[in-house]
Amino acid sequence: YDLESGKTYSIDDVVTDLSKFTEIVRENIKNELSLRGEIADEEWINMGTDSDSLEKFALLENGLTIYFPPYQVASYASGTIICNISFENIQDILTPEFTK
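How each quantity is defined
Residues numbered from 1 in each chain as written. Predicted model: local features only at pLDDT ≥ 70, side-chain atom pairs only at ≥ 80, totals over all residues. Heavy atoms only, no water. Helix = DSSP H or I, 4+ residues; strand = E, 2+ residues; numbered from the N terminus. Rg over C-alpha atoms; globule rule 2.2 N^0.38 Å. Core = buried A, V, L, I, M, F, W, Y, C linked by side-chain atoms within 4.5 Å. Buried < 20%, exposed > 50% of the residue type's maximum accessible area, 1.4 Å probe, protein only. Contact = heavy atoms within 4.5 Å. Phe/Tyr/Trp six-rings, centres within 6.5 Å; stacked < 30°, edge-to-face > 60°. Pairing = 2+ DSSP bridges. Polar contact = N/O pair within 3.5 Å; in protein donor to acceptor, adjacent residues only side chain to side chain.

Draft legend 1. Geometry of the overall build of the chain. The secondary structure content of the chain amounts to 3 helices and 3 strands. Ordered by position from N to C terminus, the α and β elements of the chain give α-α-α-β-β-β. The globule rule puts the C-alpha radius of gyration for 100 residues at 13 Å, and the 14 Å found for the chain is close to it. Its C-alpha atoms give the chain principal-axis dimensions of about 40 × 25 × 20 Å.

Draft legend 2. Representation of the nonpolar core. By size, the foremost hydrophobic cluster in this structure holds 24 residues, and its most contacted members are F21, V25, I29, L64, I66, F68 and I90. Those elements giving two or more residues to this core turn out to be α1 (11-14), α2 (18-35), β2 (63-68) and β3 (81-86). Looking at which element gives the most residues to this core, the answer is α2, with 4 residues. Look past the residues within four positions of I90 in its chain and what remains in contact with it is V15, F21, I24, L64 and I85.

Draft legend 3. Representation of the packing of aromatic side chains. Counted by the stated rule, this structure contains 3 aromatic pairs. Both rings, one in Y9 and one in F98, keep their centres 5.5 Å apart while their planes meet at 70 degrees; by these two values the pair is edge-to-face. With a gap of 89 residues between them, Y9 in the segment before α1 and F98 in the segment after β3 connect regions that are remote in the sequence. Of the residues examined, F98 reaches a relative accessible area of 15% and is grouped as buried. Relative to Y76, the ring of Y71 has its centre 5.6 Å away and its plane inclined at 35 degrees; by these criteria the two rings are tilted. On the accessibility criterion, Y71 (54% relative accessible area) is exposed.

Draft legend 4. Quick peek at the pairing of β2. Counting buried positions along β2 yields 5 of 6 residues, so the element is predominantly enclosed. Relative to β2, strand β1 (residues 57-59) is paired through 3 bridges, and the arrangement is antiparallel. Looking at the pairing, F57 lines up with I66 of β2. In this antiparallel pair of consecutive strands, β1 and β2, the connection spans 3 residues. As paired strands, β2 and β3 are joined by 6 bridges and run antiparallel to one another. Residue F68 lies in a different strand from β3, and its bridge partner there is I81.

Draft legend 5. How the structure looks around the side chain of Q72. Within the fold, Q72 resides in the loop between β2 and β3. You can call Q72 buried: its relative accessible area is 17%. In this structure the side chain of Q72 is engaged in a polar contact, spanning 3.0 Å, whose partner is the backbone oxygen of G48. With residues near it in sequence (within four places) discarded, Q72 still touches W44, G48 and S53.

Any functional reading would require information beyond the geometric quantities listed.
Listed below in structure tokens is the structure:
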């Protein structure tokens, strides 16, 4: 949601290749869980990162932050998983509005 314009964004408004973006998100989640010393269950992560689950995100000045509540991509004990992706890392799949 853009506070200035009132426009509501979906992930499709931000990226042009949802498949590639999803792979980047999955790798980010695996890395985050690994840094925490937790087990990254690939099947769980894949199921929790379908296109409908990428709708809880914030657009920041330098990138996207995607939020995954407990049980979506990891155990409840893992809590909310926060996935930060810089625009620089996804520049080739950003829509023209976000490549400025």
